[in-house]
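# Observations on the model geometry
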Amino acid sequence: MMTKEERCAAASAYHDTGINCGQSVLAVFRDMTGLTEEQCFGLGTGLGGGMRCGDICGAASGAILVLGMLHPHNRKNDPELKAHAAAITKEFIRRFQEQFGKMDCRDLLTAKDLVGTPMVEKLGVTKHCSVLIVSAVELLYDYLEELKGE
C-alpha cells in the first residue's frame, strides 16, 4: 500500500504529464478502489481543466468519488447507509473548505493566496493546481485513516 507521501507525489506527477486534477486524485487511490489506471482516467475525465462537478474543484471531486467508492450508499431503502455516505462527504468538503476557504473551481483557479497542506511544502509543490491536488490527496488520506478507526 502506498504511503501518504507516495500518493501525493504520484498525484502531482500525474498532473505534470497532463492528467487532470480529478483523474490524478482517483488514480493514486486505485489500489483501494479496485479501479485500473485507465478506469480512473475515464471516470475522472470531466473533473479538471476548468470542468468540474457543480462548483467543486476537480481535485476535491476526485476525492469525493473515492469516498463514494469506499463508503457507498448502494442499497435501496437504507437510510442509515445513505446518511453515513452523506456525512462523510460533507466532512471532506468541510476539511477542504477549511484548508482553502472555498470549493468553487473558478475561485480557486484565480486565488493568489493558496496555502496547501504540509505535504505541499514537503514535496516542494509550487504549481497552482498541483497545490490543490496534493492537498486533496493528503486530506483524503488522513480522513480515510480516521474512518478506518470507526
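Up top is the structure these notes are about.
We now turn to the structure provided with this report.

## Here's the deal with the packing of helix 5 (residues 58–70) against helix 6 (residues 79–100)
Put simply, helix 5 and helix 6 touch, their axes get as near as 10 Å, and they point 155 degrees apart. With respect to their mutual orientation, helix 5 and helix 6 come out roughly antiparallel. Viewed along their axes, helix 5 and helix 6 form a crossing whose handedness is right-handed. Contacts between helix 5 and helix 6 involve Ala60, Ala63, Ile64 and Leu67 from the former and Ile88, Thr89, Phe92, Ile93 and Phe96 from the latter. Among the residues forming the contact of helix 5 with helix 6, the class breakdown is 8 nonpolar, 1 polar and no charged.

## What about the packing of aromatic side chains?
The geometry of an aromatic ring pair is captured by the separation of the ring centres together with the interplanar angle, meaning the angle of the planes. Using the criterion set out here, one finds 3 aromatic pairs in the structure. Ring geometry for Phe92 against Phe96: centres 6.2 Å apart, planes inclined by 35 degrees, an arrangement best described as tilted. Here Phe92 and its partner Phe96 are both found in helix 6, 4 residues apart, which amounts to about one turn of the helix. When its relative accessible area of 0% is taken as the criterion, Phe96 is described as buried. One aromatic cluster is present, formed by Phe92, Phe96 and Phe100 through successive ring pairs.

## Remarks on helix 5
Compared with the 18 Å implied by 1.5 Å per residue over 13 residues, the 18 Å span of helix 5 between its first and last C-alpha is a close match. Restricting attention to buried positions, one finds in helix 5 the residues Gly58, Ala59, Ala60, Ser61, Gly62, Ala63, Ile64, Val66 and Leu67.

Procedures and definitions
- Residue indices follow the written sequence of each chain, beginning from 1 at its first position.
- Reporting in this predicted model follows two pLDDT cut-offs: at least 70 for local features of residues, and 80 or more for side-chain atom pairs to be given and counted; totals over whole chains, interfaces and linings ignore these cut-offs and use all residues.
- Only hydrogens and water are set aside; all other atoms, that is, all heavy atoms of the structure, feed into the side-chain values.
- For helices, the fitted axis covers only the stretch in contact; all axes are lines through C-alpha atoms, and the angles between them, taken along N-to-C directions, range from 0 to 180 degrees.
- Per the convention used, a helix needs a DSSP run of H or I reaching at least four residues, while a strand needs a run of E reaching at least two, with both numbered from the N terminus.
- Angles below 35 degrees are treated as roughly parallel, those above 145 as roughly antiparallel, those between 65 and 115 as roughly perpendicular, and all remaining angles as oblique.
- Rotating anticlockwise by less than a right angle from the far helix to the near helix defines a left-handed crossing, while the corresponding clockwise rotation defines a right-handed one.
- Contact definition: two residues touch when any of their heavy atoms are within 4.5 Å.
- Throughout this entry, Asp, Glu, Lys and Arg are counted as charged residues, while Ala, Val, Leu, Ile, Met, Phe, Trp, Tyr, Cys and Pro are counted as nonpolar. The remaining residues, Gly among them, count as polar.
- Only Phe, Tyr and Trp rings take part, Trp by its six-membered ring, and two of them pair if their centres are within 6.5 Å. Stacked means planes under 30 degrees apart, edge-to-face means over 60, and tilted covers everything else.
- Exposure categories follow from relative accessible area, calculated using a 1.4 Å probe and restricted to protein chains: below 20% of the type maximum is buried, above 50% is exposed, and the middle band is partly exposed.
- What a helix should span is 1.5 Å times the count of its residues minus one.

Any link to function would need more than the numbers given here.
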